[in-house]
Amino acid sequence: MRPIKLMGHERSLTQVKYNREGDLLFSVAKDNAASIWYSSNGERLGTLEGHQGVIWSIDVDPESELCATGGGDLAIKLWKVENGQCVYTWDSPSPVRRVTFSPDGKKLLAIADQVMGHIGTISVFDLNLDQVSQQPETASVVIETDSELSKATVAGYSADGEYIIAGHDNGYVSKYNAKTGELVDSVRAHGIHNEEKNVTVTDIQFAPEDRSYFITSSKDKCATLIDVETFEILKV
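In this report, we go over the structure that sits alongside the text. From a predicted model like this one, the values you see are computed outputs, not experimental measurements.

### Focus: the overall build of the protein
Thought 1: Secondary structure summary: the protein contains 0 helices and 20 strands in total.
Thought 2: For the protein, whose C-alpha radius of gyration is 17 Å, the value lies close to the compact-globule estimate of 18 Å for 236 residues.
Thought 3: Summarising its shape, the C-alpha atoms of the protein cover approximately 45 × 45 × 35 Å along the three principal directions.
Thought 4: Here the protein holds 236 residues, and the buried ones make up 48% of them.
Thought 5: In the protein, the share of contacts with a sequence separation of at least 24, taken over all contacts with a separation of at least 6, comes to 37%.
Thought 6: Accessible surface, the protein: about 11,900 Å² in total, of which carbon and sulfur atoms supply 45%.
Thought 7: In the protein, 22 side chains carry a positive charge and 35 a negative one; their mean positions are 7 Å apart.

Written out as structure tokens, the structure is:
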């Protein structure tokens, strides 16, 4: 099968995501527009324009009705997938490194970077799905950077939305209660398998069938497989 080449961004990519069905592909880059593509033929469905600089992250809800982006312009944006309309914008205290919907699509998680005097936070917003243009301005849960863990770089939800799993700059992975933001567990997943000095966790991906385990990637050139419940490293 011949690969499909998608050409639409002017600068390097920062994140690419499929929707749940796999028929749409969402991409963002160091330019200021996100792109939505048909995965079957590589045709571009449209672009999401409104950010004023680099877009670091994108995610789409389970129904492919809404998508969210976070960028270096201190903005989190919520969009309608069907027409590319930006329906709401949250202000962030620092560049937004990751956005992720909860499995039920009712919450949106955003990571604000530890720069510009900001401590670094994971914020959770309760989404108003009845009137998408009217969202709560403040987060319902804010998890601040723990002194022992260093800043969060990536994060995602467990299957039922009970836990937030976060990867950190120092190679640790942590598990938080999604309702309270309380730290439940943490494990050093990177920086122990080789002599690499840069151990930043760069991504977390959950098992598609039940999200009972996840895999992490890191700048230490290793990947780790971790069980959500026990938080034991299953494989490196």
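### Structural notes on the layout of surface pockets
Thought 1: In this model, the largest pocket occupies a volume close to 810 Å³.
Thought 2: Along the walls of the largest pocket sit 28 residues, with K17, Y18, D59, Q205 and R211 positioned nearest its centre.
Thought 3: Listed by contribution, the elements that provide at least two residues to the lining of the largest pocket are strand 1 (13-18), strand 5 (55-60), strand 9 (96-101), strand 13 (152-157) and strand 17 (201-206).
Thought 4: Counted by class, the lining of the largest pocket contains 11 nonpolar, 8 polar and 9 charged residues.

### Here's the deal with the sheet that holds strand 5
Thought 1: Pairing is antiparallel in the open sheet, where 4 strands are placed in the order 5-6-7-8. Each having just a single partner strand, strand 5 and strand 8 (86-91) make up the two edges of the open sheet. Ignoring strand direction, the axes of neighbouring strands in this sheet form an average angle of 15°.
Thought 2: Sheet topology note: the strand 7 (residues 75-80)/strand 8 ladder contains 5 bridges and is antiparallel. In the sheet register, K77 faces strand 8, and the bridge partner there is T89.

### Structural notes on the nonpolar core
Thought 1: Grouped together as the largest cluster of nonpolar side chains are 15 residues, with contacts concentrated most on I76, L78, W90, V99, F101 and L108.
Thought 2: Setting aside its immediate chain neighbours within four residues, W90 contacts L74, A75, I76, L78, L108, F125, L127, Q135, P136 and E137.
Thought 3: Of all hydrophobic cores here, the second largest spans 14 residues; its members include V141, L149, A152 and A166.

### Digging into the packing of aromatic side chains
Thought 1: Across all of its chains, the model carries 4 aromatic pairs by this definition.
Thought 2: Here Y88 and W90 contribute two aromatic rings whose centre-to-centre distance is 4.9 Å and whose plane-to-plane angle is 65°, an arrangement assigned as edge-to-face.
Thought 3: A relative accessible area of 16% places Y88 in the buried class.
Thought 4: Consider the rings of F214 and F231, whose centres lie 6.1 Å apart with planes at 50°: the pair is tilted. Here F231 lies in the loop between strand 19 (223-227) and strand 20 (233-235) and F214 lies in strand 18 (residues 213-218), a separation of 17 residues in the sequence.

### Some words on the side chain of S218
Thought 1: Mapped onto the elements, S218 comes out in strand 18.
Thought 2: A relative accessible area of 11% means that S218 is categorised as buried.
Thought 3: A distance of 3.0 Å separates a polar atom in the side chain of S218 from the backbone oxygen of T200.

### Focus: the sheet that holds strand 17
Thought 1: Taken together, 4 strands build an open sheet; the order of strands is 17-18-19-20 and the sheet is antiparallel. Because the sheet does not close on itself, it has two edges, and the strands there are strand 17 and strand 20. On average, each strand axis in the sheet is tilted by 35° relative to the strand beside it, whichever way the strands run.
Thought 2: Sheet analysis places strand 19 next to strand 20, joined by 2 bridges and oriented antiparallel. Within strand 20, the position partnered with I226 by the bridge is I233.

### Looking at the pairing of strand 11 (residues 121-126)
Thought 1: Of all the 6 residues making up strand 11, 5 are buried; the element is thus mostly covered by neighbouring parts of the structure.
Thought 2: As paired elements, strand 10 (residues 107-112) and strand 11 share 6 bridges and run antiparallel to each other. Bridging across to strand 11, L108 finds its partner in F125.
Thought 3: Bridge count between strand 11 and strand 12 (residues 141-144): 4 bridges; the pairing is antiparallel. Each bridged residue has a counterpart across the sheet, and for T121 the counterpart in strand 12 is E144.

Rules behind the numbers
- Residues numbered from 1 in each chain as written.
- Predicted model: local features only at pLDDT ≥ 70, side-chain atom pairs only at ≥ 80, totals over all residues.
- Heavy atoms only, no water.
- Helix = DSSP H or I, 4+ residues; strand = E, 2+ residues; numbered from the N terminus.
- Rg over C-alpha atoms; globule rule 2.2 N^0.38 Å.
- Buried < 20%, exposed > 50% of the residue type's maximum accessible area, 1.4 Å probe, protein only.
- Contact = heavy atoms within 4.5 Å.
- Areas by Shrake-Rupley, 256 points an atom, 1.4 Å probe, with all protein chains shown as cover.
- Lys, Arg positive; Asp, Glu negative; His and termini not counted.
- Charge placed at Lys NZ, Arg CZ, Asp CG, Glu CD.
- 1 Å grid on protein atoms, 1.4 Å probe; cavity = no way out; pocket = protein on both sides within 12 Å on 5 of 7 lines; lining within 4 Å.
- Points joined across faces, edges and corners; volume = space filled by probe spheres on them.
- Nonpolar A, V, L, I, M, F, W, Y, C, P; charged D, E, K, R; others polar.
- Pairing = 2+ DSSP bridges.
- Axes fitted to C-alpha atoms, helices over the stretch in contact; angles between N-to-C directions.
- Core = buried A, V, L, I, M, F, W, Y, C linked by side-chain atoms within 4.5 Å.
- Phe/Tyr/Trp six-rings, centres within 6.5 Å; stacked < 30°, edge-to-face > 60°.
- Polar contact = N/O pair within 3.5 Å; in protein donor to acceptor, adjacent residues only side chain to side chain.

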